Amino acid sequence: MKKKRIQIFDTTLRDGEQVPGCQLNTSEKIKIARKLEKMGVDIIEAGFPISSPGDFNSVEKICKYIYKPIICSLSRAVKKDIEVAASALKYAKNPRIHTGIGTSKYHIKYKFNSTPKKIIEVAIEAVKYAKKFVEDVEFYAEDAGRTENNFLAKICEAVIKAGATVLNIPDTTGYCLPEEYAEKIKFLKKNVNSIDKVTISTHCHDDMGLSTANSIAGIINGAKQIECTINGIGERAGNTSLEEVVMIIKQHKKLNFYTKINTKLLYKTSKFVSECTGMFVQSNKAIVGANAFSHSSGIHQDGLIKKRETYEVIDPKDVGVNKSSILLTARSGRSALAYRYKKLGYSFNKSKLNIIYHKYLKYADKKKEIYDEDLKKILKNIK
Ligand code: KIV
Ligand code: ZN
């Protein structure tokens, strides 16, 4: 069966940059956009131009300097927003306006003090207005995760009629369980007229740690675009992490999907975004964390030395990390110790290794990690 292509929509420069304290200037945004283009993302959401003159300027400049990906500009379902979003896109080779409105009862009642009927009217108007400026219009149903499926289907059908090319189904509050999100996409596929003429997009937040699982559940059930950010940065607990969904798609062949991402650039891009935003990547972060390919327990190290696949499901080279590392701690065994000594040019018979190992453990109980210089010190006075 032919593999299905999943489009990667990166929103590091918009949803990602909404994180307090990680604001980027125009020059940093252009540099990040260039890295995203090189890595092969399909769509770059460059910003929310009505929000500030600086953001407008960044979107405009990104349109000038980026050639291949679609450049997307965010707006609310408000005429002025749409005009400004369109104006910032004037140099884009492939422009897209992303407009939308809250559709859950919380948003309709408390945020807009409105009714479902009026919300549909505003959504239709917004899409029609955006279509006057660009052909490619993505509609987001904010808080779709907590929107009742029948109403969601109704508004989706209305905006498709109005000309939307992409339907974004955000789990804005990160509330959905993977089964619920899967069911939502399945429901739309089954109950919305002309749904097959548009692309369904996932946009999941990580408030309960389920954004990656929900995005994957979404594509399994018919979505063809995933919205995500480098390192999963974004509002509150963040967005779906690009590197996670891309590697899941690559490693799980049975899913029968592919992306255009050059995964060998994942680690470098993650580092670059982390440096620009000042947002540290936690060491245990999947794929790009400092410990993602480090092994410290004796049992794991022994297996890994015998065959990498015993404890790794990804070859680190595939994400641009040179090699797995064997860290020496008090939990390491003889096999890891011998392996690290061998790298330094030493090899010992069993009984000598035993003696060294006992001395090593005394060191290791005092230190968090044992480095090459410690290994050399341990050898002193051992005959
Ligand atoms: O999380 C969300 O709903 C959003 C929309 C603006 C797309 O970021
Ligand atoms: Zn979001």
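Residues numbered from 1 in each chain as written. Chains lettered and ligands numbered in written order. Predicted model: local features only at pLDDT ≥ 70, side-chain atom pairs only at ≥ 80, totals over all residues. Heavy atoms only, no water.

K.L.:
Explain the coordination of the zinc ion (ligand 2) here, please?
P.N.:
By definition of the ideal shapes, a tetrahedral metal site with four donors has angles of 109.5 degrees and an octahedral site with six donors has angles of 90 or 180 degrees. In the first shell of the zinc ion (ligand 2), the protein supplies D15 (OD), H203 (NE2) and H205 (NE2), at 2.0 to 2.1 Å from the metal. Every donor residue of the zinc ion (ligand 2) comes from the same chain, spaced as D-x187-H-x1-H. Taken together, the residues D15 in the loop between strand 2 (7-10) and helix 1 (26-39) and H205 in the loop between strand 8 (199-204) and helix 8 (211-220) connect sequence positions 190 residues apart. Since its relative accessible area comes to 2%, D15 is described here as buried. We classify H205 as buried; its relative accessible area is 4%. (Donors = N, O, S within 2.8 Å, 3.2 Å for Na, K, Ca; no water. Helix = DSSP H or I, 4+ residues; strand = E, 2+ residues; numbered from the N terminus. Buried < 20%, exposed > 50% of the residue type's maximum accessible area, 1.4 Å probe, protein only.)

K.L.:
Help me understand the packing of helix 1 against helix 10 (residues 266-277), please; the structure alone is not making it clear to me.
P.N.:
Relative orientation and spacing of two packed helices are given, respectively, by the angle between their axes and the distance between those axes. Relative orientation of the contacting elements helix 1 and helix 10 amounts to 170°, with a least axis distance of 11 Å. With respect to helix 10, the element helix 1 is oriented roughly antiparallel. Here helix 1 contributes E28, K31, I32, K35 and M39 to the contact with helix 10, which in turn contributes L266, T269, F272, V273 and C276. Of the residues in the contact of helix 1 with helix 10, the class split is 6 nonpolar, 1 polar and 3 charged. (Axes fitted to C-alpha atoms, helices over the stretch in contact; angles between N-to-C directions. Parallel < 35°, antiparallel > 145°, perpendicular 65-115°, else oblique. Contact = heavy atoms within 4.5 Å. Nonpolar A, V, L, I, M, F, W, Y, C, P; charged D, E, K, R; others polar.)

K.L.:
Would you mind going over the site of ligand 1 with me for this structure?
P.N.:
Neighbouring ligand 1 are the residues R14, D15, H98, Y140, E142, N168, P170, T172, H203 and H205. Within the side chain of D15, an N or O atom sits 3.0 Å from an oxygen atom of ligand 1. Interatomic distance of 3.0 Å between a side-chain N/O atom of H205 and an oxygen atom of ligand 1. Expressed as a share of its isolated accessible area of 260 Å², the protein-covered part of ligand 1 is 92%. Class assignment of the residues belonging to the shell around ligand 1 gives a composition of 2 nonpolar, 5 polar and 3 charged. (Near = heavy atom within 4 Å. Polar contact = N/O pair within 3.5 Å; in protein donor to acceptor, adjacent residues only side chain to side chain. Areas by Shrake-Rupley, 256 points an atom, 1.4 Å probe, with all protein chains shown as cover.)

K.L.:
Looking at this structure, I do not really get the sheet that holds strand 5 (residues 95-102). What am I missing?
P.N.:
Here we have 8 strands rolled up into a closed barrel, ordered 2-3-4-5-6-7-8-9, and parallel in their pairing. Ignoring which end each strand starts from, the neighbouring axes of this sheet average 25° apart. Helix 5 (residues 116-131) contacts strand 5 and strand 6 (136-142) of the sheet and is inclined by roughly 170° relative to strand 5. (Pairing = 2+ DSSP bridges.)

K.L.:
Explain the UniProt feature "domain: Pyruvate carboxyltransferase" (unreviewed entry) in the protein chain to me, please; I cannot follow it from the model alone.
P.N.:
According to UniProt, the positions carrying the feature "domain: Pyruvate carboxyltransferase" (unreviewed entry) are residues 6-267. Within the segment residues 6-267, helix and strand shares are 42% and 19% respectively, and the terminal C-alpha atoms sit 21 Å apart. (UniProt positions renumbered as here; feature names shortened; annotations may be inferred.)

K.L.:
I keep staring at helix 13 (residues 350-366) and nothing clicks. Help me out?
P.N.:
Compared with an ideal rise of 1.5 Å per residue, which puts 17 residues at 24 Å, helix 13 spans 25 Å between its outermost C-alpha atoms and is within 8% of the ideal. Each element contacted by the buried residues of helix 13 is listed here: helix 12 (334-343) and helix 14 (372-379). (Expected span 1.5 Å × (residues − 1).)

K.L.:
Just checking my understanding: could you explain the packing of helix 8 against helix 9 (residues 242-251) for this structure?
P.N.:
Between helix 8 and helix 9, whose axes approach to 10 Å, the crossing angle comes to 45°. Overall, the two elements helix 8 and helix 9 adopt an arrangement that is oblique. When the axes of helix 8 and helix 9 are compared, the crossing they make is right-handed. Contacts from T212, S215, I216 and I219 in helix 8 reach E244, V245, I248 and I249 in helix 9. Considering only residue class, the contact of helix 8 with helix 9 consists of 5 nonpolar, 2 polar and 1 charged. (Left-handed = near helix turned anticlockwise from the far one by under 90°.)

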